[in-house]
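Residue-level structural notes
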Amino acid sequence: MFAFVARRAFSGAVLIASLTFLTFLVFNTIPTNPACLVVACGPHTTTDDAAIKAADHRLGIDRPVVVQYGKFVWRLVRHGSLGTSWTNDRKVGPQIAAALPVTASLVAGGMILMLALALAVGCFSALRPRSLPDRGLLAVSVIGIAVHPFVLGIGLRDLFARHLGTPSASYCPIRSSRVFSCAGLSSWAAHLAVPWIVFALLFLPLYMRLLRARLLETLNEPWISTARAKGASESRVLIRHALRNAIGPVLPLIAIDAGTALTAAIYIETVFGLPGLGHLAVQAFSGEAGGYDLPLTAALVTTVGAFVVVLNLLADIAGAWVDPRTRLLTNPKGITTMAITARPRVRLALGVVALVAVAFAAFQLGQSRTSAPRPAAEVRIFPMHLLDSFDLSKGVGPRAWLRTHVTKLEVQPHGWRVYASITNDTNRPIMIFQPDPSPYPVLYPHQGMSLVIAPSPKQLAAGRNQYTISSARLFTPAMPHALLAHTTWTGSFGGNDAVPRNRQIYVGFGTFSWNSQPQSVSTAHSITIP
Amino acid sequence: MSDVQPSSPGEWKLVWRRFRRDRVALGALVTLGAIVAACFVVEPLLEAVLGHDGSQPIPAAVDVNLNPVGPFSWATYIAPDGVPHRAFLLLGADGPLGRDELLRLLAGGRVSLEIALIATAVALGLGIVLGALAGYYGGVVDAIVSRLTELLMSFPLLLLMIAFGQTVAGRFQDITAHGLFPPGVLSVGVVIGVFCWFYPARLVRALVLSLKQEEFVEAARMIGASDVRIIRQHLAPHLAGPLIVWGTLVASGVIILEASLSVLNVGVRLGTASWGNLLASNWGTLLVFNPADVGVQYPKPPLLMVWPALMLFVTVLALAASGDGLRSALDPKERQ
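Residues numbered from 1 in each chain as written. Chains lettered and ligands numbered in written order. Predicted model: local features only at pLDDT ≥ 70, side-chain atom pairs only at ≥ 80, totals over all residues. Heavy atoms only, no water.

1. A short note on the overall build of chain B
Scanning chain B for helices and strands turns up 13 helices and 2 strands. Counting across all 336 residues of chain B, residues that qualify as buried make up 54%. Here chain B has roughly 14,700 Å² of accessible surface; of this, 66% comes from carbon and sulfur atoms. (Helix = DSSP H or I, 4+ residues; strand = E, 2+ residues; numbered from the N terminus. Buried < 20%, exposed > 50% of the residue type's maximum accessible area, 1.4 Å probe, protein only. Areas by Shrake-Rupley, 256 points an atom, 1.4 Å probe, with all protein chains shown as cover.)

The structure is reproduced here in structure tokens:
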């Protein structure tokens, strides 16, 4: 038993090590600018190349992946520290420690609820297969996967909040703390009740169907007939003989689902506003400023990996207890080590793999030393004088003229900014429509303030005559909702996208209207960035 | 030529006979067929009849607040050839761009169903092979497959997806199998499949592990059957049932996952509609989720949220019910 646990602990450590190394490798493959998380970058700043280099050095990402990873492991083992977050400059360890109880409460409660439901419904269904109640329950259980987690979460949250008065969002710890306004066992459960239900519904269909299928199979086995023939009661047959056998393959699945549970937790915590690990994951992945938070992600991966390892161990032990056949696997002599040492070809293959890994690491080290320096974050300024006027009335009713004037275009590797003025030249107010808040790119001709980039000759040749729109996000001063009669907005707007060279570029001014016909306006002249 | 033996029906004929007796499963299969026909056959016909497709923006189908018009509306637009057309919008417009919601819903269903098919095939193929190998041979093979499964399952899927999308997805975007699929569908299907195989692998491994202790495997080995033959002829039929049930479930999970991928810029590009895209654009997305903001810019008509969710629900329900019917029709133990 001890040897078994020790071996699994070792393989667990290897699992966590490979998980975190994979995280570092993946992060160094994604083309992003983590420096932008700590120094201001983009069109409205004057951060130069040296400042970005200094920031890179401070974050340690100018070093090779292997060195970065070594530092991470050293910090973790020597100091027990997970590093400092890039996005909010706070220690990652306490953040994880604060979020862990929230997610643990959610996942544990949800799993228990789900298992209770799956066992009850699975037994109920398996005892009367193909009947109407069985069919009905199967159909209802599908809701958990047939409906998008957001739809399910928001729907249930609002339903319960409206009709039962449950608290619709936020978290309450069991023990009182300064962070949360409420505490106590009952309010903890009350706040988590609906998230638990959503969590259980998301996982219920799979487990319920698996249990039902396994139970149906088991109930047809000859030993069940034997047990019945010996006079065992129906409940004894079900619980002692059938269920114990059917639950075997289900246990490892629960342990394995601990990783998937984080993905489910991301959805549920987002909908219910719970400050858990999923919330941290969204924070780490959001990439708002052009980068992802590596220390936070590595810490999350480590935490979730540790849980998966421990739960797998527990599931294997429980599985061996429930199903004697799998006990063969828990041979204390160590199947894996024996199998490797007894086979020269396997040993050779493992040696080759190790050699390749070392060569890869050496290649990584050598390559990043000789890698070219980052291109200078220069600001290129194109003064211009583009005057346009637009008739918003489309030939009906009074003439409604809008005049625009572009004076300057600033282009940086990661952004752009347009200096312009918009004048309402009529004696009526003109409405300005803000761009669609959805994260999707907006299709021409409906757009907000933006750069409209014409298709390249190559794209045109391929028959793709689609204009790309780089929407503006930063307005100085803020864009009003309406332009009053005979007034002018003068200022600048900028976006975070790279501007391609040698392409026709139009300045999009957004969607305006004085009546019920919104109309998008962009310059008639194009600019080409050499 | 003396006496003619009465021919016994073949295996699949028997399966179909048993399946047909099950009214609910038959109804589900018909529903599924209707949805597939609507997406793959009716949608192109509708495009031809109505004269516009799902990506045609119709500015007049949007009011001053960028509110799309409701069901049963007519709107005029200038076609690319400069001729004004009157468009009939049965389900109204889809959002601030004023595109035909019905056509987008059906064309989106096509994309989602194609992705579900590809991803499920990839996941099941990988899972069955790896799971059966691990369960049957044990030892090193089992150790490698199990550790690989644990590694992939405990890694946040989202991060792998971001990495994939930022690095290589662009290169696979244009693989369309000679125009059989819209751009991006094949790559998204394969990506999802590659990240979903561990469920069937675990399932198959656990099943094979307990099945290989059974007498019939021992008997087969005793009469000299090879490993390949034992796996294919004796073990595989036992796996069909659970795997079909799982396959119907994953096909629906894939459609939902596809919605999450679109948000991360890994999924199907925006020009192409899919149920995931339609859902995400109305219910908000993971990385940009702020329910308070949704109603501020322009109120979303509730019906627009209902259509894709409803289509998804009906499809998954039909998939699950027909999968269940198929499972019991295939099950050798439910023959009598």
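The rest of the description comes next.
2. With respect to the pairing of strand 10 (residues 504-513) of chain A
All names here are of chain A. Taken across its 10 residues, strand 10 has 9 buried, putting it largely inside the fold. For strand 5 (residues 449-453) and strand 10, the ladder comprises 5 bridges, and the chain directions are antiparallel. Within strand 10, the residue paired with methionine 449 across the bridge is phenylalanine 509. Judged from the 2 bridges that link them, strand 10 and strand 12 (residues 527-528) form a sheet pairing that is antiparallel. Bridging from a neighbouring strand, isoleucine 505 pairs with isoleucine 527 of strand 12. As defined by bridge partners, strand 10 adjoins strand 11 (residues 519-522) across 4 bridges and the pair is classed as antiparallel. Of the residues in strand 11, the one forming a bridge with glycine 508 is serine 522. (Pairing = 2+ DSSP bridges.)

3. Observations regarding the packing of helix 3 (residues 101-137) of chain B against helix 7 (residues 185-194) of chain B
Residues and elements named next belong to chain B. In contact at an axis separation of 7 Å, helix 3 and helix 7 are set at 40 degrees when each is read in the N-to-C sense. Taken together, helix 3 and helix 7 sit at an angle that is classed as oblique. As helix 3 runs across helix 7, the sense of the crossing is right-handed. Taken together, the residues of helix 7 that come into contact with helix 3 (itself represented by Val111, Glu114, Ile115, Ile118, Ala119, Val122, Ala123 and Leu126) are Val185, Leu186, Val188, Gly189, Val190, Ile192, Gly193 and Val194. Classifying every residue of the contact of helix 3 with helix 7 gives 13 nonpolar, 2 polar and 1 charged. (Axes fitted to C-alpha atoms, helices over the stretch in contact; angles between N-to-C directions. Parallel < 35°, antiparallel > 145°, perpendicular 65-115°, else oblique. Left-handed = near helix turned anticlockwise from the far one by under 90°. Contact = heavy atoms within 4.5 Å. Nonpolar A, V, L, I, M, F, W, Y, C, P; charged D, E, K, R; others polar.)

4. Details of a nonpolar patch on the surface
Residues and elements named next belong to chain B. A cluster of nonpolar side chains, contributed by Val36, Phe40, Val41, Val42 and Leu45, occupies part of the molecular surface with about 390 Å² of accessible area. When you line up the elements, valine 42 lands in helix 2 (residues 23-50). Assessed through its relative accessible area of 36%, valine 42 is described here as partly exposed. (Patch = residues over 30% accessible without salt bridge, like charges linked within 9 Å, V, L, I, M, F, W, Y side chains within 5 Å. Salt bridge = Lys/Arg side-chain N within 4 Å of Asp/Glu carboxyl O.)

5. Re the pattern of salt bridges
Residues and elements named next belong to chain A. The tally for this structure, following the rule as stated, stands at 5 salt bridges over all chains. Among the salt bridges present, the one from arginine 212 reaches aspartate 134, with a minimum N-O distance of 2.8 Å. Separated by 78 residues along the polypeptide, arginine 212 in helix 8 (residues 185-219) and aspartate 134 in helix 5 (residues 132-141) bring together distant segments of the chain. Comparing arginine 212 with aspartate 134, the two get one shared label, buried. For arginine 228, the salt bridge is made with glutamate 234, and the minimal N-O distance between the two is 2.7 Å. Given a relative accessible area of 44%, glutamate 234 falls into the partly exposed group.

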